[in-house]
Structure formats: C-alpha cells, structure tokens
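The primary structure of each chain is shown beneath.
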Amino acid sequence: MLVTEAIGQALADLGVDTTFGLVGSGNFHVTNALIARGTRFIAARHESGAASMADGWARITGRAGVLSLHQGPGITNALTALTEAAKARTPLLVLAADVSPAAKLSNFRIDVAAISAGIGATPARLHSAGLAVDDVVRAYRTAERERRCVILALPLDVQASECTWPGVAGVEGTAGPGTLAAGAWALAAGPGAVPPPAQVAALARRLAAAQRPVFIAGRGARVAGPGARAELERLAAACGALLATSAAAKGLFRGSPWDLDVSGGFATPLAAELIRGADLVVGWGCALNMWTLRSGALIGPDAFVVQVDHDTAAIGAHRRPDLGVTGDVGATARAVADHLAAGTSPPAGDAGYRSAALGARIAAQHRWRDVPFTDESDGSRIDPRTLTIELDDLLPAERTVAVDSGNFMGYPSMFLSVPDQDGFTFTQAFQSVGLGLASAIGSAIARPDRLTVAALGDGGALMAISELETAVRLGLPMVIVVYNDDAYGAEVHHFGPDGYPLETVTFPPTDIAAIARGYGATGVTVRAPGDLAPVRAWLDSSPDRPLLIDAKVTATHGAWWLEEAFRGHYPTGPPQPASRLPVRNPGSRPAGIQDPP
Ligand SMILES: Cc1ncc(C[n+]2csc(CCOP(=O)(O)OP(=O)(O)O)c2C)c(N)n1
Ligand SMILES: [Mg+2]
C-alpha cells in the first residue's frame with residue numbers, strides 16, 4: 001500500500017472518526033485515505049478555522065482532534081489557532097504536508113519543526129516509508145496522552161512511497177490492518193496517580209482544620225474524567241468546602257447548591273467575597289493563575305493555598321502554593337476523603353463553610369443575572385447584559401457556549417448558563433481575537449444534541465467570517481451572537497479614557513446580519529429586546545442553518561474585567577503616556593464618507 005493509505009488505516013484503527021482541514025495537493029491523498037476508511041472530513045474555508053474547529057471539537061469530546069493541512073502556507077495560516085491549542089493543552093494531531101528534502105528551493109519550503117517548537121507545539125515527522133506507521137501512531141499517542149499539539153510533517157516523497165502494512169510495530173496486540181484497539185494504550189497512560197501518603201495526610205490535616213475551605217477546580221479536573229466531580233464533591237462535603245472553577249472548567253459543579261461558578265474576573269460579587277474569605281483554598285488541576293485569582297486579590301491575607309496537579313511542572317508555575325500535592329485530581333480527592341473518613345478525629349458536626357445562612361445567600365445570588373444593574377439600553381442599542389439575559393431565557397438550557405476574545409467576552413461567559421463542564425469552549429490561552437466562530441463550529445459538530453452558541457465581537461466575527469459558509473454548508477443549527485459595537489471595543493475602552501485618538505480602532509457600522517444572509521444563514525438585527533422575536537421563531541422552526549444575531553450593543557463604558565486583562569500586559573506597572581498628539585489616519589475612512597447614523 002501507499003504510505004498515505006497506511007496513515008489512513010493506522011488513524012482509523014486508532015479510532016479517528018472525524019478530521020478537519022483544508023485540502024491542497026500535499027494533503028489530498030492522505031485526507032482521502034482517511035475518508036476511505038470511514039472518517040468524516042470537515043472542510044473549512046481557512047486553515048485557522050480548520051484548526052480552531054479541531055481544537056473546539058477536541059475540548060468538547062475530550063478526544064484527540066485531527067487536522068489535515070497543505071504544506072507551507074497551509075501550515076502558516078493555521079499557526080495562531082495552533083498556538084491556542086498548544087497553550088491550552090488541547091490534544092491535537094496535525095497532519096502537515098511538507099516538501100520533499102530534495103525539493104530544496106520549493107516555494108512551499110518552511111522549517112516546520114522550528115515553527116512547531118516556536119509556538120509551543122511538539123514537532124514530529126515521517127522518517128521513512130518503513131517507519132511511517134510507527135511515526136503516526138507515536139504522534140497520535142503523544143497528542144492524546146500528553147495533551148499536546150503534535151505537528152507531524154509528512155514529506156511528499158515519503159507520502160508517495162510504497163510500504164507494506166507493518167502491523168503497527170511496537171504496539172500491543174497489533175498484527176495487521178484493523179487490529180489496533182483504540183483503547184490499547186489508554187491503560188498504560190495511567191491517569192489515576194495517587195500522591196505520596198505524606199502529601200495525602202498533609203492535605204487531609206489542612207482540610208480537617210479549615211473553617212472556610214474553598215475548592216477551585218481547573219482544566220485538569222475537567223479532563224480527569226467523569227468520576228472526578230463526584231470525588232471532589234464527596235471530599236468537599238466531608239470538610240464543608242464551597243466549590244468554584246476556573247473559566248476553563250466552567251460548569252463542572254453545575255447543580256450543586258455549593259457551586260460558586262467561576263473564580264476570577266468573571267466571579268460574581270458573592271463568589272469573590274466568599275473565595276476571598278476562605279482560610280484554605282485548594283486548586284484542583286488548576287493553574288491558579290492571574291485570571292483565576294484576580295492577580296491574587298481573591299486570596300485572603302491569611303489563607304493557606306494548596307495546589308493539586310499530576311504534572312509537577314504545573315505546581316507553583318503561576319503562584320507558589322503553601323502545599324503542593326502531586327497526583328491525579330480524582331484519585332487524590334478519593335485518597336484524601338478516605339484518609340479523613342478513616343481518621344480518629346474528623347471534623348464531626350462541623351459544616352465548614354456550608355452554613356444554612358450561606359446556602360441561602362448562594363441560592364439567591366450565585367448567578368450574575370441575580371445581581372442588580374441599571375439597564376443602559378436606549379432603543380437604538382441594547383445593553384449587552386440585557387441582551388444576554390434575554391438569550392439565557394430564550395435558548396435551550398442544553399447548550400454549548402463558545403466565546404471569542406474582546407471587551408464583550410464577559411457577558412456570554414457570565415450571563416449564559418451552561419449545563420456542565422462540557423458546555424463551554426473558552427479559547428483564551430493565546431488571547432487571540434477571531435477563533436471563536438470556528439471553535440464553536442467544532443463544538444457544534446462534537447455535540448449535535450446541544451445548541452451551540454457562538455459569542456463574538458464584531459471584530460472577531462469579521463476576522464473569521466468565512467467559516468460561516470462552513471456552518472451553512474454543514475447545516476449546523478447554531479446561534480451566533482455578535483456583540484456589535486462597531487469597534488475594537490477592548491482598545492477603545494482601554495485607551496479612550498486617557499484621551500488617545502481612537503480612529504484606528506473604530507469603524508463605520510457594518511450590517512453583519514446582511515452578511516450572514518449572504519452566506520445563506522438566517523440573519524437578525526437586534527437593537528432592543530423586542531427584536532429577539534425572530535430568534536424564538538427560528539428555534540421553533542427545526543432549523544437546518546445557523547442564526548446570526550447582529551446585536552447593536554451599547555458601548556458607553558468598558559467591561560471592568562478588561563482592565564484586569566490589560567494589567568497583565570505590564571506586570572511592573574503601565575507605561576506613562578509620552579505624547580497625546582492627535583492621529584489623523586487618512587487610510588481609515590475615505591474623505592467625504594460619513595458614518596450612517
Ligand atoms: C489576532 C489578534 N489581533 C489583535 C488583538 C488585540 N485585540 C484584543 S481585543 C481586540 C478587539 C476585538 O474587537 P471585537 O471582536 O469587536 O470585540 P470588542 O472588544 O469590541 O468587544 C483586539 C483587536 C488580539 N487579541 N488578537
Ligand atoms: Mg467590537
């Protein structure tokens with residue numbers, strides 16, 4: 001068989017059933033080999049979109065995504081989205097066509113390995129026809145087990161070579177095509193590592209002594225498997241801990257009466273108060289970074305901080321804990337709960353942080369929509385909070401929310417509820433604008449049983465709008481909400497108050513609903529709650545195409561969480577403005593063209 005066919009066979013045997021990509025000559029045959037073996041191929045319109053779709057799909061399914069790219073520009077077009085995947089530790093295998101070594105002066109030549117390493121991905125390559133299957137299996141397993149973005153260079157000459165099916169050498173129980181069991185390596189991967197007994201005892205002691213413990217679970221808890229939540233809840237109940245998550249694990253404790261939702265910039269006033277009041281904070285598979293802890297402001301002065309992570313390198317990477325515990329989230333929680341249960345003096349009768357009075361406060365105030373605010377809608381523009389609360393009521397609760405980056409991003413993150421930890425796709429590891437639409441499409445493909453809601457700014461929407469064609473072609477009944485302020489609002493609100501010129505970051509109004517209709521989607525313009533009636537009609541119509549809501553939102557002031565983000569740019573304090581010279585940029589708007597009212 002050809003090497004391309006062997007690659008398709010090996011990946012199909014590994015259980016790959018969905019691949020994303022954009023096909024050129026260099027990945028034409030390998031993509032077809034995957035399709036011939038039963039894989040569904042999702043053709044995107046831009047490689048960035050293809051990569052974000054694979055990323056979103058992998059986050060929601062918990063499986064390794066597979067992406068197929070043409071050589072050279074096919075790879076470079078995908079780099080921003082791949083950087084996000086690498087930083088977020090999304091398991092992703094990239095089948096990256098590459099020029100033959102002998103094609104020294106090919107226009108398509110780039111240094112794939114150097115670029116891969118430069119964005120934090122793991123470089124790999126097909127070494128020869130004889131080793132190709134081993135190379136592919138190793139790359140896939142590295143992506144899957146180590147949660148890496150592995151970029152596997154596929155030189156054209158190796159792809160075109162003949163090979164004999166090698167039976168996936170070195171892999172247990174494989175002698176020929178179709179025999180590589182999908183779970184064969186999963187056993188060896190060893191999730192479930194229990195920390196050393198001394199660490200278990202130390203954490204148990206701290207929990208037993210704590211008056212007001214709070215657990216913050218992160219991405220590591222989300223990916224630790226379905227049992228992790230139950231183990232964490234059992235332990236939390238034993239010591240009276242309140243429950244919170246990082247944004248990446250939003251939804252993990254949904255339904256618990258002790259769930260404070262997200263810790264960090266998106267925390268409700270009540271959640272922030274209670275986390276700040278904790279005497280013990282335990283991060284579970286959680287980086288405890290500046291976002292989750294509001295740069296440390298959510299940790300009270302006398303709080304004891306514990307970090308549990310199976311990856312030793314993660315412990316203390318952002319903030320030095322008072323106690324580091326090396327172990328799998330679920331296994332550690334179980335071991336500590338068992339230790340507490342077996343102890344001679346457990347905190348008998350002590351409810352910890354779980355008093356009846358607090359329970360009542362949490363029940364009344366745990367959602368952002370329970371926090372009073374002044375609706376700033378004025379008839380021509382809708383307050384983004386009002387818009388999002390209306391949508392929260394209108395859209396089915398069984399939903400996946402995917403959020404792009406920008407000033408708007410807190411509104412969907414804070415005001416739209418999600419059903420569980422698999423209901424939120426948050427591509428913020430690289431803080432790139434423009435990945436939200438495609439990661440939503442990947443999420444929608446991953447969970448067709450749920451309504452996917454993409455939340456975008458107008459900047460991010462227009463940057464990535466070409467994937468609307470993909471969503472229409474695939475017949476995805478998803479909702480795309482554009483918080484349209486005709487601006488790069490993040491910049492406007494950051495620099496505007498200091499009097500800087502804003503011509504480079506403001507734009508004439510764009511009718512994004514009309515653009516959506518041009519792609520074949522349903523488009524609705526919303527300026528007031530009453531304009532949302534067509535959303536109800538769309539929901540009731542068994543839709544087979546996306547609905548884009550072009551929401552003209554108020555923009556009188558910036559979102560407060562934005563300042564937190566900008567503070568991260570300058571850890572040693574913001575630079576002082578050197579000059580305030582007015583900037584007149586003739587390139588931004590042709591003379592004589594006025595903005596429509
Ligand atoms: C790829 C990329 N380019 C530029 C930026 C800088 N940036 C951060 S937020 C933002 C504005 C995004 O505008 P929009 O999507 O309309 O959201 P808004 O801030 O207006 O709510 C920009 C340009 C970025 N983060 N990523
Ligand atoms: Mg905007």
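This is a predicted model, so every value here is computed, not measured.

The rules behind these values
Residues numbered from 1 in each chain as written. Chains lettered and ligands numbered in written order. Predicted model: local features only at pLDDT ≥ 70, side-chain atom pairs only at ≥ 80, totals over all residues. Heavy atoms only, no water. Near = heavy atom within 4 Å. Polar contact = N/O pair within 3.5 Å; in protein donor to acceptor, adjacent residues only side chain to side chain. Areas by Shrake-Rupley, 256 points an atom, 1.4 Å probe, with all protein chains shown as cover. Helix = DSSP H or I, 4+ residues; strand = E, 2+ residues; numbered from the N terminus. Donors = N, O, S within 2.8 Å, 3.2 Å for Na, K, Ca; no water. Buried < 20%, exposed > 50% of the residue type's maximum accessible area, 1.4 Å probe, protein only. Salt bridge = Lys/Arg side-chain N within 4 Å of Asp/Glu carboxyl O. Expected span 1.5 Å × (residues − 1). Arc of directions from axis to C-beta. 1 Å grid on protein atoms, 1.4 Å probe; cavity = no way out; pocket = protein on both sides within 12 Å on 5 of 7 lines; lining within 4 Å. Points joined across faces, edges and corners; volume = space filled by probe spheres on them. Nonpolar A, V, L, I, M, F, W, Y, C, P; charged D, E, K, R; others polar. pLDDT = per-residue confidence, 0-100. Contact = heavy atoms within 4.5 Å. Pairing = 2+ DSSP bridges. Axes fitted to C-alpha atoms, helices over the stretch in contact; angles between N-to-C directions. Phe/Tyr/Trp six-rings, centres within 6.5 Å; stacked < 30°, edge-to-face > 60°.

J.: Sorry, what's going on with the site of ligand 1 here?
T.: Around ligand 1 there are 17 residues in total, and Asn407, Asp458, Gly459, Gly460 and Gly489 lie nearest to it. Aspartate 485 is positioned with one of its side-chain polar atoms (N or O) 3.2 Å from an oxygen atom of ligand 1. Surface burial for ligand 1 is 76%, taken as the share of its 580 Å² of free accessible area covered by protein chains. Sorting the residues of the shell around ligand 1 by element identifies α19 (458–463) and α21 (489–495) as the ones contributing at least two each.

J.: Just checking my understanding: could you explain the coordination of the magnesium ion (ligand 2) for this structure?
T.: Metal coordination angles in their ideal form are 109.5 degrees for the four-donor tetrahedron and 90 or 180 degrees for the six-donor octahedron. Taken together, the protein donors to the magnesium ion (ligand 2) comprise Asp458 (OD), Asp485 (OD) and Ala487 (O), at separations of 2.0 to 2.1 Å. Counting along the primary sequence, the residues that act as donors to the magnesium ion (ligand 2) give the motif D-x26-D-x1-A. One end of the pair, aspartate 458, is in helix α19; the other, alanine 487, is in the loop between β16 (479–484) and α21, and 29 residues separate them in sequence. Like aspartate 458, the residue alanine 487 is buried in the burial classification.

J.: Just checking my understanding: could you explain the pattern of salt bridges for this structure?
T.: Counted according to the given criterion, the structure contains 30 salt bridges. As a salt-bridge pair, glutamate 231 and arginine 234 come within 3.9 Å of each other at their nearest N and O atoms. Here glutamate 231 pairs with arginine 234, and both are found in helix α12 (residues 227–239), just three residues apart, close to one helical turn. The residue aspartate 540 makes a salt bridge to arginine 536 at a minimum N-O spacing of 3.4 Å. Residue aspartate 540 is classed as exposed on the basis of its relative accessible area of 56%. The class for arginine 536 is partly exposed, based on a relative accessible area of 39%. Three or more residues joined by partner-sharing salt bridges are found here, namely Glu231, Arg234, Arg334 and Asp338.

J.: Is there a simple way to explain helix α2 (residues 25–36) in this structure?
T.: Since one α-helical turn is 3.6 residues long, residues separated by three or four positions face the same way. In this model, α2 (twelve residues) spans 17 Å end to end at C-alpha, consistent with the 16 Å of a helix rising 1.5 Å per residue. The set of residues buried in α2 consists of Gly26, Asn27, Val30, Thr31, Ala33 and Leu34. Seen from one end, α2 has its buried residues packed into an arc of 155°, which puts them on one side. Along α2, exposed side chains directed more than 90 degrees from the buried face belong to Ser25, His29 and Ala36.

J.: Is there a simple way to think about empty space enclosed by the protein in this case?
T.: According to the stated counting rule, one finds one cavity of 30 Å³ or more in the structure shown. Approximately 40 Å³ is the volume attributed to the largest cavity. Every residue lining the largest cavity is listed: Lys250, Asp261, Val262, Phe266, Thr268, Trp368, Ser413 and Met414. For the lining of the largest cavity, the residue count by class is four nonpolar, two polar and two charged.

J.: Please clarify how the confidence of the model for the chain should be interpreted in this entry.
T.: Parts of the model with low pLDDT should not have their predicted coordinates read in detail. Per-chain confidence: the chain averages 91 in pLDDT, with 89% of residues scoring 70 or above. Counting contacts from residues 174–189, a segment whose pLDDT is below 50, to residues more than four positions away or on other chains yields 37 contacts. Counting interchain partners and residues more than four positions distant, the pLDDT-below-50 stretch residues 590–597 has four contacts.

J.: How do you make sense of the sheet that holds strand β7 (residues 213–217) when you look at a structure like this?
T.: Where strands meet in a sheet, backbone hydrogen bonds hold them as pairs that are either parallel or antiparallel. The parallel open sheet is built from six strands, whose spatial order is β9-β8-β7-β10-β11-β12. Sheet topology places β9 (259–262) and β12 (323–326) at the edges, where each strand pairs with a single neighbour. Direction aside, the axes of adjacent strands within the sheet are offset by 20° on average.

J.: Would you mind going over the pairing of β12 with me for this structure?
T.: The two faces of a sheet get side chains in turn, since along a regular strand they alternate between them. Here β12 shows a clear split, with Leu323 and Val325 buried on one side and none of Gly324 and Thr326 buried on the other. Here four bridges tie strand β11 (residues 304–309) to β12, and the two strands are oriented parallel to one another. The residue of β12 that forms the bridge with valine 308 is valine 325.

J.: Sorry, what's going on with the packing of aromatic side chains here?
T.: Within a pair of aromatic rings, the relevant descriptors are the distance that separates the centres and the angle that separates the planes. Applying the stated rule across the entire model yields nine aromatic pairs. Look at tyrosine 488 and phenylalanine 507: their rings are 5.0 Å apart centre to centre, the planes differ by 70°, and that puts the pair in the edge-to-face class. In this pair, tyrosine 488 is assigned in the loop between β16 and α21 and phenylalanine 507 in the loop between α21 and α22 (512–519), connecting sequence segments 19 residues apart. Looking at tyrosine 488, the relative accessible area reads 35%, which means it is partly exposed. An aromatic cluster is present here, built from Phe266, Phe424 and Phe426 joined pairwise through their rings.

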